[in-house]
Amino acid sequence: MRLRQILAILTMVMMSATSANAAEPILIRFSHVVAEDTPKGVGARMFKDLAEKKFPGRVTVEVYPASQRFDDDQVLDALLLGDVEMAAPSLAKFNRWAKPLQVFDLPFLFRDVDHLHRFQEGVVGTQLLQTMLPMGLQGIAYWDGGFRVLSANVPLSTPADAEALVFRIEPSDVFQEQYSRINAVGIPMAFGRVADAVRQGVVNAQENSWSNIYAEGIHKLHSNYTELNHSYLGYMVVTSSDFWQGLPEDIRTGLEEVLLQVRAEVNRLAAERAEERRDRVVAEGGVAIMRPDAKKLQAWKDAWLPVWENFETEIGPEVIEAAIAAGSEQ
């Protein structure tokens, strides 16, 4: 009798422990490199709020902004090692993982944000989210950041003005090729180091979206801006495929619905912030902003459009053709 009682108690303890473990929420650690008030920063916080509201007690999201945990050069490996569960690097950061994603780096490919979205939401753009599955990474959403503008402490009206300047760039073979074509130097560098690199003279020019320029305080360091809008700074929300496929189906489906909501808000905010942050830069004074006329814009296109040919094989001509075709869709 006594033995049966002991066994019964042990069984209850084990069942209780199992139940407690089953009740532990799924932890999603979201790492990104920008300030919390940027479109991406707001998107990460919104994802946290909506996910936890949709799955109270079942999902917990921790957000690590401004490279608190990893920078974008580290975070993809961190996803594979299970040190974080979600990130949203710039699309340019995926260069070494999937060559077709270089399509987003090509200069003067996307005419405007509607053109970009039509491509991303089309068959080929959707397929590109899956290109890193063999490496264990799962793309789950695209987020906007804004068109890139150039900045320096000298006017950059034509490609000749950039000769011998040192540009901070994202780690992209396309960007390296761009700047080499105009006899400038491109130095890949983590976003969080840009302001210090400018102050220290390591770089004397850069390109980024207005939202990131303002958030990082570049407008206090560079006096001249060229709204070239030659490429679009976008992000891919990415996770480990093992983590994503290992989620209970209802949670994975629910998080996909959350990401659709967040994407709409991030993209709306990116467009809004592009104008707002530009206006703030102007209001704070001390800068000159130049929008190139047709002749000057053509000079930049003449210098950079040949870059496409050098990357056509790596990216895939069918991917580039789909991106071009999306510009004519209505």
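Our structure is the block above this text.
These lines cover the structure that appears in this document, whether it is placed above or below.

Conventions used here
- Residues numbered from 1 in each chain as written.
- Predicted model: local features only at pLDDT ≥ 70, side-chain atom pairs only at ≥ 80, totals over all residues.
- Heavy atoms only, no water.
- Helix = DSSP H or I, 4+ residues; strand = E, 2+ residues; numbered from the N terminus.
- Expected span 1.5 Å × (residues − 1).
- Patch = residues over 30% accessible without salt bridge, like charges linked within 9 Å, V, L, I, M, F, W, Y side chains within 5 Å.
- Areas by Shrake-Rupley, 256 points an atom, 1.4 Å probe, with all protein chains shown as cover.
- Salt bridge = Lys/Arg side-chain N within 4 Å of Asp/Glu carboxyl O.
- Lys, Arg positive; Asp, Glu negative; His and termini not counted.
- Charge placed at Lys NZ, Arg CZ, Asp CG, Glu CD.
- Phe/Tyr/Trp six-rings, centres within 6.5 Å; stacked < 30°, edge-to-face > 60°.
- Lys NZ or Arg CZ within 6 Å of the ring centre and 35° of its normal.
- Axes fitted to C-alpha atoms, helices over the stretch in contact; angles between N-to-C directions.
- Parallel < 35°, antiparallel > 145°, perpendicular 65-115°, else oblique.
- Contact = heavy atoms within 4.5 Å.
- Nonpolar A, V, L, I, M, F, W, Y, C, P; charged D, E, K, R; others polar.
- Pairing = 2+ DSSP bridges.
- Left-handed = near helix turned anticlockwise from the far one by under 90°.

With 36 residues, helix α10 (residues 249-284) ought to run about 52 Å at 1.5 Å a step, and its terminal C-alpha atoms sit 50 Å apart, in line with that. Where α10 terminates, the next one or two residues include glycine 285, which has phi positive at roughly 75 degrees.

So, about a negative patch on the surface. Residues Glu309, Glu312, Glu318 and Glu321 make up a contiguous surface patch of negative charge. Here glutamate 318 lies in helix α13 (residues 317-326).

What follows deals with the packing of aromatic side chains. By the definition in use, this model includes 12 aromatic pairs. Ring geometry for tryptophan 210 against tyrosine 225: centres 5.4 Å apart, planes inclined by 35 degrees, an arrangement best described as tilted. Remark: tyrosine 225 occurs in strand β9 (residues 224-226) and tryptophan 210 occurs in helix α8 (residues 210-216); sequence separation between them is 15 residues. An aromatic cluster of three or more residues is present, and its members are Phe108, Phe167, Tyr179, Trp300 and Trp304. For arginine 69, the ring lying beneath its charged end belongs to tyrosine 64, and the centroid distance is 5.0 Å.

Next up on the list: the packing of helix α12 (residues 307-315) against α13. Between α12 and α13, the least distance of the axes is 6 Å, while the angle of their chain directions is 115 degrees. With respect to α13, the axis of α12 lies roughly perpendicular. Here Trp308, Glu312 and Ile315 of α12 lie close against α13, whose contacting residues are Pro317, Val319, Ile320 and Ile324. Residues belonging to the contact of α12 with α13 are distributed by class as follows: six nonpolar, no polar and one charged.

Attention now goes to the sheet that holds strand β11 (residues 288-290). Read from one edge to the other, the open sheet built from six strands follows the order β7-β6-β8-β5-β9-β11, with strand pairing classed as mixed. A single partner strand is all that each edge strand has here, and the edge strands are β7 (185-188) and β11. Strand-to-strand twist of the sheet, defined as the mean angle between neighbouring strand axes without regard to direction, takes the value 25 degrees. Bridging between strand β6 (residues 166-169) and strand β8 (residues 205-208) involves two bridges; their strand directions are parallel. Looking at the pairing, phenylalanine 167 lines up with alanine 205 of β8.

On to the packing of helix α4 (residues 113-121) against α13. Packing of α4 against α13 brings their axes to within 8 Å, and their N-to-C directions diverge by 130 degrees. With respect to α13, the element α4 is oriented oblique. For the element pair α4 and α13, the recorded crossing hand is right-handed. When α4 is examined against α13, the residues His115, Arg118 and Phe119 are found in contact with a partner set consisting of Val319, Ala322, Ala323, Ile324 and Ala326. Its residues assigned to classes, the contact of α4 with α13 comprises six nonpolar, one polar and one charged.

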